[in-house]
Amino acid sequence: MAEHKHAQTIRRYFDACNEGDYDKLVSCFTPDAVHYFPSGLPEIPWRTADTIARKWVWCVENLGSQWTIEKILVSHDSNEAVIEWTHWKSKLGTALRGDEWYVFDEQSGLIKEIRAYYASPAEKDVVINELVDFDYVGRGYHLEPKAR
């Protein structure tokens with residue numbers, strides 16, 4: 001069975017993030033897209049495809065950010081999907097795990113909204129922010145970023 005178009009868009013988005021490719025990032029979103037985050041980050045939410053793209057390019061350049069997708073689930077009856085991811089920040093030597101809820105534009109199939117949820121508070125003194133006592137190794141999660 002072929003991968004669902006929304007899963008393909010999410011994978012293209014993560015590839016663009018990892019490549020720090022502004023144009024490819026913008027191409028994944030509707031122009032008025034919004035990316036919501038938990039509290040604690042500056043200048044949130046990120047509004048517009050341009051802003052989202054610029055912010056992720058900044059993270060790649062300044063934090064050494066790379067992302068891995070752990071799981072993707074696509075709704076069978078709506079233009080929505082949810083994923084589980086790891087955000088690797090190699091220049092800081094840390095990582096953060098979380099989920100995102102995606103809403104896609106019905107006409108274009110592009111991402112129009114992302115709602116991010118973190119697995120745990122982003123603690124600066126913890127190497128990998130993740131759920132306590134969850135068996136990441138046993139469940140096959142990435143333990144380091146993928147090689148470029």
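Keep in mind that this is a model prediction, so the values were computed, not measured.

Conventions we followed
- Residues numbered from 1 in each chain as written.
- Predicted model: local features only at pLDDT ≥ 70, side-chain atom pairs only at ≥ 80, totals over all residues.
- Heavy atoms only, no water.
- Phe/Tyr/Trp six-rings, centres within 6.5 Å; stacked < 30°, edge-to-face > 60°.
- Helix = DSSP H or I, 4+ residues; strand = E, 2+ residues; numbered from the N terminus.
- Buried < 20%, exposed > 50% of the residue type's maximum accessible area, 1.4 Å probe, protein only.
- Pairing = 2+ DSSP bridges.

K.L.:
Please explain the packing of aromatic side chains as it appears in this structure.
P.N.:
Between two aromatic rings, the relevant description is the distance of the centres plus the angle of the planes. One pass over the full model with this rule turns up 10 aromatic pairs. Both rings, one in Trp56 and one in Trp67, keep their centres 5.1 Å apart while their planes meet at 75°; by these two values the pair is edge-to-face. Separated by 11 residues along the polypeptide, Trp56 in helix H3 (residues 49–63) and Trp67 in strand S3 (residues 65–74) bring together distant segments of the chain. Each member of the pair Trp56 and Trp67 is classed as buried.

K.L.:
Can you help me understand the pairing of strand S5 (residues 94–104) in this one?
P.N.:
Residues in a regular strand point their side chains to alternate faces of the sheet. The element S5 is largely enclosed, with a buried count of 9 among its 11 residues. Examined bridge by bridge, strand S4 (residues 80–89) and S5 share 10 bridges and lie antiparallel to one another. When the bridges of S5 are listed, Ala81 appears paired with Tyr102. Linking S4 back to S5 in an antiparallel pair, the connection comprises 4 residues, with Gly93 at a positive phi of about 70°. With 7 bridges joining them, S5 and strand S6 (residues 111–118) adopt antiparallel strand pairing. When the bridges of S6 are listed, Tyr102 appears paired with Ile114. Joining the antiparallel neighbours S5 and S6 is a turn of 6 residues, in which Gly109 adopts a positive phi near 80°.

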